[in-house]
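# Structural overview
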Amino acid sequence: MHERPRPSVRWAASALLLALGLSACAGPGDDEPEDGPAGTQEAPGAAEEAGEDDERLSEFYDQELTWEDCGTGMQCTDVAVPVDYEDPEDGSLELAVVADSTDPELDYVLTNPGGPGESGVDMVTEQLSGTVSEEVRDQLNVVGFDPRGVHRSEGVECMTDEEMDEYRELEDDPELDADTAFGESQEQAAEIGEQCAERTGDLLAHVDTFSAARDMDIIRGALDQNELHYMGFSYGTKLGMAYAELFPEQVGRFALDAMMDVTNGAHELTVAQGVGFEDALEGFAEWCVEDEQCPIAGTPEDVVETVQQMFADVDEEPVTVEPEGRTVNASMLVSGFIAPMYSPEGWPHLAEGLQLALEEDDYYAFMFWADQQAGRTPAGEYDWMSSWAFRSVMCLDYEMASEQEEIEAELEELTEQAPTFGPYLGHSGVLCSEWPHEPVSDGWEPGSIAGRELPEMLMVGTTGDPATPVQWAEQMHEAVPASSLITYEGEGHVAYRPGNECVTDIVDAWLVEGELDNGRHSC
């Protein structure tokens, strides 16, 4: 076995950070190369002041929407929301909103694809048929929005395209001792935080999940809906749970797929995801060997060890990808490796990418997938970067370890629990400790902010989900007695998808007809 990287060198703010589950359609497409739970806590601002009863918000709730055709039959509009809900008169921003139809005879269902940082407008305009069923599209007006700080909704800005390329290609200096490496990482994080504050402005302090949940209620009011019907995927489930805490009386038919456990702190979340991707790698290795599509001879254990060795080799000596001449370091390699692991449909692509890397020293596929994760186009432009929205939300949403000794301990635990991926996941505490704004929330117990049991909703978890482990869905179902749970026996991230009839039939009956058995379902 090779010697794995020392956790202490993974402090750099450029190290790979896992999203809280990417969008429902994450992974390669056909055109790609073949701290413990928090207790009761108060959300930013008081829940009873969050909605229409707050006279300061009346102009936002009463706004008239102007819909315009934005191509392919979609209707687009902007919804104004306050930048700061504690001081709603001190500036506003426009949220980009799209609907596949605005039929006044149909209810609206709001959607969120995850991230945090993913574009809901893109999901509805580009991926709608692969995201929700035909019945939902026929019986409901499906609405997507870019949350505050994301893409068209005044997206967080931190770096130019050139700066982002340099940032992603940064390498650890093996000659530095632990103290010096930590100090340099802090300096780098402080510079990044200052850049983000200068280029994003006041909004940077207010891109947290609870502020985004309040935006959802203003969207509900602007759509003239008494209740909010909602379909959230992955991080979108946390956003939905935050909404339910603030507006339990306005919760309509909520379907939450790839469920997050909102009691988790940042470290618990990262460890669980690291373990999830270890499990997914083992599943891929078994498939690879059994289906005889594997470029690695031997057993599934041999596949895993070869992948670990490949990561370690690139960590020691990054590779150059031609013809671009760009550098792929270990963090980029692991980011690209993870992308096709979100779904078994990506495994054949992953096997092909492995073959090219191992046999021809060609890492283009992994660079390509890593670029997709970072929002980089083949032309070298970052049209929008979910990665900065993600980091900004994380720094506001979670209290994280910031002292060197505590961070080292957490990195060591992560590496023990996830030996393949853990050494490359970095630690958000370094960046967030130097962030221009303090965190405004952390994990919470369901119902603790609402001050009551949360209303009826449908949760979905997948047994082989690498990004949002099925245990999270089970724990949230237990914590919300009025909820129902679908457990899907299978691989991949997100269970609700066209063609998966067992799941879609139950979800559709709930979203469209309001029919739901309070209990557990297995698919």
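Scroll up to find the structure.
All values derive from a computational prediction rather than experimental measurement.

Scanning the model with the defined rule gives 5 disulfides in all. Disulfide pairing places Cys158 opposite Cys196 at an S-S distance of 1.9 Å. Note on the Cys158 and Cys196 pair: the S-S dihedral is about 115°, so by sign convention the disulfide is right-handed. A residue pair is termed long-range when its members are at least 10 positions apart, and Cys158 in the loop between β5 (140-145) and α4 (161-168) and Cys196 in helix α5 (residues 178-200) qualify at 38 residues. Here the cysteine-cysteine linkages of the protein are recorded as 1-2, 3-4, 5-6, 7-8, 9-10, numbering only bonded cysteines and doing so in sequence order.

A few words now on the environment of Gln308. Its location among the elements puts Gln308 in helix α9 (residues 300-316). It is 8.4 Å that separates the C-alpha atoms of Gln308 and Pro419, two residues lying 111 residues apart in sequence.

Attention shifts here to unusual backbone geometry. Cis geometry marks the peptide bond from Gly115 to Pro116; its omega dihedral reads -5°. Mapped onto the fold, Pro116 is located in the loop between β4 (107-112) and α2 (120-127). Look at the link from Glu322 to Pro323: it is a cis peptide, with omega at 5°. Assignment of secondary structure puts Pro323 in the loop between β8 (319-321) and β9 (326-328). Phi is positive for Asp224, which is not a glycine, with a value near 60°. Using a relative accessible area of 67% as the deciding quantity, one classes Asp224 as exposed. In the Ramachandran plot, Asp361 falls in the positive-phi region, its phi being about 60° despite a non-glycine side chain. A relative accessible area of 51% means that Asp361 is categorised as exposed.

Thresholds, definitions, all that
- Residues numbered from 1 in each chain as written.
- Predicted model: local features only at pLDDT ≥ 70, side-chain atom pairs only at ≥ 80, totals over all residues.
- Heavy atoms only, no water.
- Disulfide = S-S within 2.5 Å.
- Helix = DSSP H or I, 4+ residues; strand = E, 2+ residues; numbered from the N terminus.
- Buried < 20%, exposed > 50% of the residue type's maximum accessible area, 1.4 Å probe, protein only.

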